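Now for the letters of each chain:
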Amino acid sequence: MDQFHSDSYKKKGIMQEFFGSCLGRLVILLFVLLFLYIFALITIPSKKMMLEETVDNIHECLQENDSIKADEIDEIINNISRTINVADTTLTNPELFKAFLKYNRLAVYKHSGFQTVHVFNGLYPQGRRISIGVFQTVISTLSYEDLVLSTGAIRGDYNKKLTAPVMEEVPDSEYMGSTLNVEPYHFMGDEDN
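Residues numbered from 1 in each chain as written. Predicted model: local features only at pLDDT ≥ 70, side-chain atom pairs only at ≥ 80, totals over all residues. Heavy atoms only, no water.

1. As for unusual backbone geometry
The criterion, for reference: Numbering of helices and strands starts at the N terminus; helices are DSSP runs of H or I of at least 4 residues and strands are runs of E of at least 2.
Here the phi dihedral of Phe 135 falls at roughly 55°; this positive angle occurs in a residue that is not glycine. Note on placement: Phe 135 falls in the loop between β3 (128–134) and β4 (137–140). For Gln 136, which is not glycine, the phi dihedral falls at a positive 60°. Structurally, Gln 136 can be placed in the loop between β3 and β4.

So this is what it looks like as structure tokens:
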């Protein structure tokens, strides 16, 4: 019997013990994350690629914005398709694109491991992120509401009087009828209760 138990139990090596422990798994996870970070640093898209892909995404956004957006899921699906597809720039309304170029400015920011493109305009003077570049891919986060395509007064005429002029007499076309003869209300029931 003792021989049976001693044969079935085999001593594990130090590497098997290390990889089976929590510390070993943590070290493996850290090495995988370090490899992914180094790979991300090597494959950051260039500034030129970021701007080209973002302008392509803007062309697609201007082309498809003829329907009513129901919710945020529509924007997410559109952004996924913009990331994968290439826009046909001949379908973009030239006046809309000229307005985009007039009222908006794009800037590329480099971060550790990725780059972002921000749009600056009257709505977002501090900038709003519309693209993320990582692993040689430019991911669109653009929404049509992020772009300014026209400007104008928000409130209207500032010198306009707030009250309408007083009318001296009521014209016949606005005659409201005669005043009813209203008598005071008198209680007709038992006054004691």
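2. Some words on the nonpolar core
What counts is decided by this rule: Only buried residues count toward a nonpolar core. Its members are Ala, Val, Leu, Ile, Met, Phe, Trp, Tyr and Cys residues joined through side-chain atoms within 4.5 Å. Each residue is placed in one exposure class: buried if its accessible area under a 1.4 Å probe, protein chains only, is under 20% of its type's maximum, exposed if it is over 50%, and partly exposed if it falls in between. Throughout, a residue-residue contact means that at least one pair of heavy atoms, one from each residue, lies within 4.5 Å.
Counting residues in hydrophobic clusters, the biggest one holds 15 residues, and the most contacted among them are Ile 58, Leu 62, Phe 100, Ile 130, Leu 142, Leu 147 and Leu 149. Of all the secondary structure elements, the ones that give two or more residues to this core are α4 (47–64), α6 (94–103) and β2 (115–120). Of the residues forming this core, the biggest block, four residues, is contributed by α4. Each residue touching Leu 149, except ones within four places of it in the same chain, is listed here: Leu 62, Leu 96, Ala 99, Phe 100, Tyr 103 and Tyr 144.

3. A word on the pattern of salt bridges
Test applied: Salt bridge, as used here, is a side-chain nitrogen of Lys or Arg placed within 4 Å of a carboxyl oxygen of Asp or Glu.
One pass over the structure, following the stated rule, counts one salt bridge. In this structure, Asp 146 engages Arg 128 in a salt bridge whose closest nitrogen and oxygen atoms are separated by 2.8 Å. Within this pair, whereas Asp 146 is found in the segment after β4, its partner Arg 128 is found in strand β3, the two being separated by 18 residues in sequence.

4. As for the sheet that holds β3
Note the cut-off: Note on pairing: two strands pair once DSSP finds at least 2 bridges between them. Lines fitted to C-alpha atoms define the axes here, with helix axes fitted over just the stretch in contact, and angles between the N-to-C directions of these axes take values from 0 to 180 degrees.
Spatially, the four strands line up as an open sheet ordered β1-β2-β3-β4, and their pairing is antiparallel. Among the strands making up the open sheet, the edge pair consists of β1 (105–110) and β4. Here the average twist between neighbouring strands, direction ignored, is 25°. Looking at chain direction, β3 and β4 are connected through four bridges and run antiparallel. Bridge assignment links Val 134 to a residue of β4, and that residue is Thr 137. Along the sheet face, α4 touches β1, β2, β3 and β4 and points at about 140° away from the line of β1.

5. Remarks on the side chain of His 118
This is how it is decided: Polar contacts, as counted here, are pairs of nitrogen or oxygen atoms within 3.5 Å of one another; within protein the pair requires one atom able to donate a hydrogen and one able to accept it, and residues that are adjacent in sequence qualify only if both atoms are side-chain atoms.
As for its placement among the helices and strands, His 118 is situated in strand β2. Reaching out from His 118, the side chain makes a polar contact with the side chain of Thr 116 at a distance of 3.2 Å.

6. Focus on the side chain of Asn 57
In this fold, Asn 57 is placed in helix α4. Aside from chain neighbours lying at most four places away, what touches Asn 57 is Arg 82, Thr 83, Ser 131, Ser 140 and Leu 142.

7. Describing the pairing of β3
Looking along a regular strand, one sees side chains alternate from face to face of the sheet. By the bridge criterion, five bridges tie β2 to β3 in an arrangement that is antiparallel. Bridge pairing in β3 places Thr 116 opposite Ile 132. The turn joining β3 and β4, which pair antiparallel and follow one another in sequence, is formed by two residues; a positive phi near 55° is taken by Phe 135.

8. Here's the deal with the packing of α4 against α6
Heads up, the condition is: In what follows, roughly perpendicular refers to angles from 65 to 115 degrees, roughly parallel to angles under 35, roughly antiparallel to angles over 145, and oblique to any angle outside these ranges. Here a crossing is taken to be left-handed if its near helix is turned anticlockwise relative to the far helix by less than a right angle, and right-handed if that turn runs clockwise.
It is at 11 Å that the axes of α4 and α6 come closest, and there the two elements cross at 130°. Judged by the angle between their axes, α4 and α6 are oblique. Handedness of the crossing formed by α4 with α6: right-handed. Each of Val 55, Ile 58, His 59 and Leu 62 in α4 lies in contact with α6, whose residues at this interface are Leu 96, Phe 97 and Phe 100.

Read these as geometric descriptors, not functional statements.
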